[in-house]
Amino acid sequence: MFTFMGVTLQSLSVSCGINFECFNMASVAFHNQVLGSLSIFNSCHYSFTPRNFHYITILRDPVSRYLSEWRHVQRGATWKASLHVCDGRPPTSEELPSCYTGDDWSGCPLKEFMDCPYNLANNRQVRMLSDLTLVGCYNLSVMPEKQRNKVLLESAKSNLKHMAFFGLTEFQRKTQYLFEKTFNMNFISPFTQYNTTRASSVEINEEIQKRIEGLNFLDMELYSYAKDLFLQRYQFMRQKEHQEARRKRQEQRKFLKGRLLQTHFQSQGQGQSQNPNQNQSQNPNPNANQNLTQNLTQNLMQNLMQNLTQSLSQKENRESLKQNSGKEQNDNTSNGTNDYIGSVEKWR
């Protein structure tokens, strides 16, 4: 199961690891990114195949996401099929009243959309990522509002931190890079950063901007946390890539040095074996000849290796400067990044 733009996408048998031996239907209900129920209709032989699943999500700037959902609802979209099952049951009509009467909320003005206190668009990303059972699901009378908000936000942050991967809509290329490095997979084409969307076409003044930010204050805080954690993870992966490239270059230099030495001594041995008498007559002192050969070999190798490593060393120096410039940011790495560093190989 995956979450995109803070909305849970449902998956059926393949994602659940169920092998069916007939054509009967499986009903899988998801809520809050947690497998809620699985019902097999009719008699059917099936087996569960163990698989390694990872939760991922993509977050979006809260204001843009809110405006995008409003435009979606304005065009007639509804979530009537969503059961909102939490702790084994859906919410009552008293716990989750509807914001509109009729079949849908099409043509809804933005002010009316913002004025509904039961609108699930408010702080949707925090609610979708948190464990609602910690606050009594949709029953607002279980605990004070301030405490409820704190619990939801901390739960969302914790779940996000422990996800195998998450991305940000505003950083498409970096999101692609992190996904590919985390799961050791490559997309066939690069992601495209679209800065023009339906939400961006909505013109709002500063007052409405502040109003939307206030309605989504939990999402605003979560997004700030997610952005910081995302960029730290990206920086870590870039440094790891540079270190791996440096290690390969060092191994390549060692290999080339060995080949050069091997070629040189082979040529020396072949020359001596072909003209043993001539070499002996021209060099009556074998010790002096050996010392001269060693000195020539050493000078030759120094010149060759100096020319070979000059360009590679310059590249390493440039990479070191980049890493030192980001050292201050790395020193402030959060626990989320530490968990990420220790778990990347496990996710693969």
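First things first, this report covers the structure right here in the doc. These numbers were taken from a predicted model, which means no experiment stands behind them.

Cut-off values and rules
- Residues numbered from 1 in each chain as written.
- Predicted model: local features only at pLDDT ≥ 70, side-chain atom pairs only at ≥ 80, totals over all residues.
- Heavy atoms only, no water.
- Helix = DSSP H or I, 4+ residues; strand = E, 2+ residues; numbered from the N terminus.
- Contact = heavy atoms within 4.5 Å.
- Areas by Shrake-Rupley, 256 points an atom, 1.4 Å probe, with all protein chains shown as cover.
- Salt bridge = Lys/Arg side-chain N within 4 Å of Asp/Glu carboxyl O.
- Buried < 20%, exposed > 50% of the residue type's maximum accessible area, 1.4 Å probe, protein only.
- Disulfide = S-S within 2.5 Å.
- Pairing = 2+ DSSP bridges.
- Expected span 1.5 Å × (residues − 1).
- Phe/Tyr/Trp six-rings, centres within 6.5 Å; stacked < 30°, edge-to-face > 60°.
- 1 Å grid on protein atoms, 1.4 Å probe; cavity = no way out; pocket = protein on both sides within 12 Å on 5 of 7 lines; lining within 4 Å.
- Points joined across faces, edges and corners; volume = space filled by probe spheres on them.

**Quick notes on the overall build of the chain**
Right, on to step 1. The helix and strand inventory of the chain stands at 12 helices and 8 strands.
Right, on to step 2. Here the analysis covers contacts within the chain between residues at least 6 apart in sequence; of these, 72% occur between residues at least 24 apart.
Right, on to step 3. Of the roughly 21,700 Å² of accessible surface on the chain, 51% is carried by carbon and sulfur atoms.

**Observations concerning the pattern of salt bridges**
Right, on to step 1. This model, assessed by the stated rule, comprises 10 salt bridges.
Right, on to step 2. As a salt-bridge pair, E95 and R89 come within 2.9 Å of each other at their nearest N and O atoms.
Right, on to step 3. Look at E95 and you get buried, because its relative accessible area is 17%.
Right, on to step 4. Residue class for R89 comes out partly exposed when judged on its relative accessible area of 38%.
Right, on to step 5. Of the charged contacts, one joins E251 and R247 as a salt bridge, the two residues approaching to 2.4 Å between their closest N and O atoms. Pair noted here: E251 and R247 are both in helix α8 (residues 217-274), with a separation of 4 residues, about one helical turn.
Right, on to step 6. Overall, R247 belongs to the partly exposed group, its relative accessible area being 36%.
Right, on to step 7. One network of salt bridges, with partners in common, ties together R65, E69 and R124.

**Some details on the state of the cysteines**
Right, on to step 1. In the structure shown here, the tally under the stated rule is 2 disulfides.
Right, on to step 2. Put simply, C86 and C137 are joined by a disulfide, and their sulfur atoms are 2.1 Å apart. Since a negative S-S torsion denotes a left-handed disulfide, the C86-C137 link at about -75 degrees is left-handed. Here the residue C86 occupies a position in the loop between α2 (62-74) and α3 (110-115), and C137 occupies one in the loop between α4 (124-129) and α5 (145-161), the gap between them amounting to 51 residues. One exposure class covers both C86 and C137, and it is buried.
Right, on to step 3. With a sulfur-sulfur separation of 1.9 Å, C99 is cross-linked through a disulfide to C116. For the disulfide bridge between C99 and C116, the dihedral angle about the S-S bond is near -80 degrees, and by the sign convention the bridge is left-handed. Placement of C99 in the loop between α2 and α3 and of C116 in the loop between α3 and α4 is noted, with a sequence separation of 17 residues between them.
Right, on to step 4. Free cysteine C108: the closest other cysteine sulfur is in C99, separated by 8.5 Å.
Right, on to step 5. Residue classification places C108 among the buried positions, given a relative accessible area of 2%.

**A short note on the pairing of strand β8 (residues 165-168)**
Right, on to step 1. Residues F165 and G167 of β8 are buried on one face, and the alternating residues F166 and L168, pointing to the opposite face, are buried as well.
Right, on to step 2. The pairing of strand β7 (residues 56-59) with β8 spans 4 bridges and is classified as parallel. Across the sheet, residue L59 finds its bridge partner in β8, namely L168.

**Re α5**
Right, on to step 1. Here α5 is 17 residues long and its end C-alpha atoms lie 24 Å apart, about the 24 Å a rise of 1.5 Å per residue gives.
Right, on to step 2. Residues of α5 that are buried include every one of R148, N149, L152, L153, S155, A156, K157, L160 and K161, and no others.

**Focus on α2**
Right, on to step 1. Its 13 residues place the ends of α2 18 Å apart at the C-alpha level, agreeing with the 18 Å of an ideal helix rising 1.5 Å per residue.
Right, on to step 2. Three or more residues of α2 are buried, namely P62, V63, R65, Y66, L67, E69, W70 and V73.
Right, on to step 3. Looking one or two places after α2, you find G76, whose phi comes out positive at around 110 degrees.

**Regarding the packing of aromatic side chains**
Right, on to step 1. This model, assessed by the stated rule, comprises 11 aromatic pairs.
Right, on to step 2. Consider the rings of Y66 and F113, whose centres lie 5.2 Å apart with planes at 65 degrees: the pair is edge-to-face. Of this pair, Y66 sits in helix α2 while F113 sits in helix α3, and the two are 47 residues apart along the sequence. With respect to burial, Y66 and F113 carry one shared label: buried.
Right, on to step 3. With 5.3 Å between their ring centres and 70 degrees between their planes, Y177 and Y234 make a pair best called edge-to-face.

**A few points about the environment of R124**
Right, on to step 1. Along the chain, R124 turns up in helix α4.
Right, on to step 2. Spatially, the C-alpha atoms of R124 and R65 are 9.3 Å apart, while their sequence positions differ by 59 residues.

**Re the layout of surface pockets**
In this approach the atoms are scanned with a rolling probe the size of a water molecule, which exposes any empty space left behind.
Right, on to step 1. Its volume calculated, the second largest pocket comes out at about 660 Å³.
Right, on to step 2. In this structure, the second largest pocket is lined by 27 residues; those nearest its centre are P117, N122, N123, L140 and R148.
Right, on to step 3. Mapped onto the lining of the second largest pocket, the elements with two or more residues apiece are α3, α4, α5, α7 (206-215) and α8.
Right, on to step 4. For the lining of the second largest pocket, the element with the highest residue contribution is α5, accounting for 4 residues.

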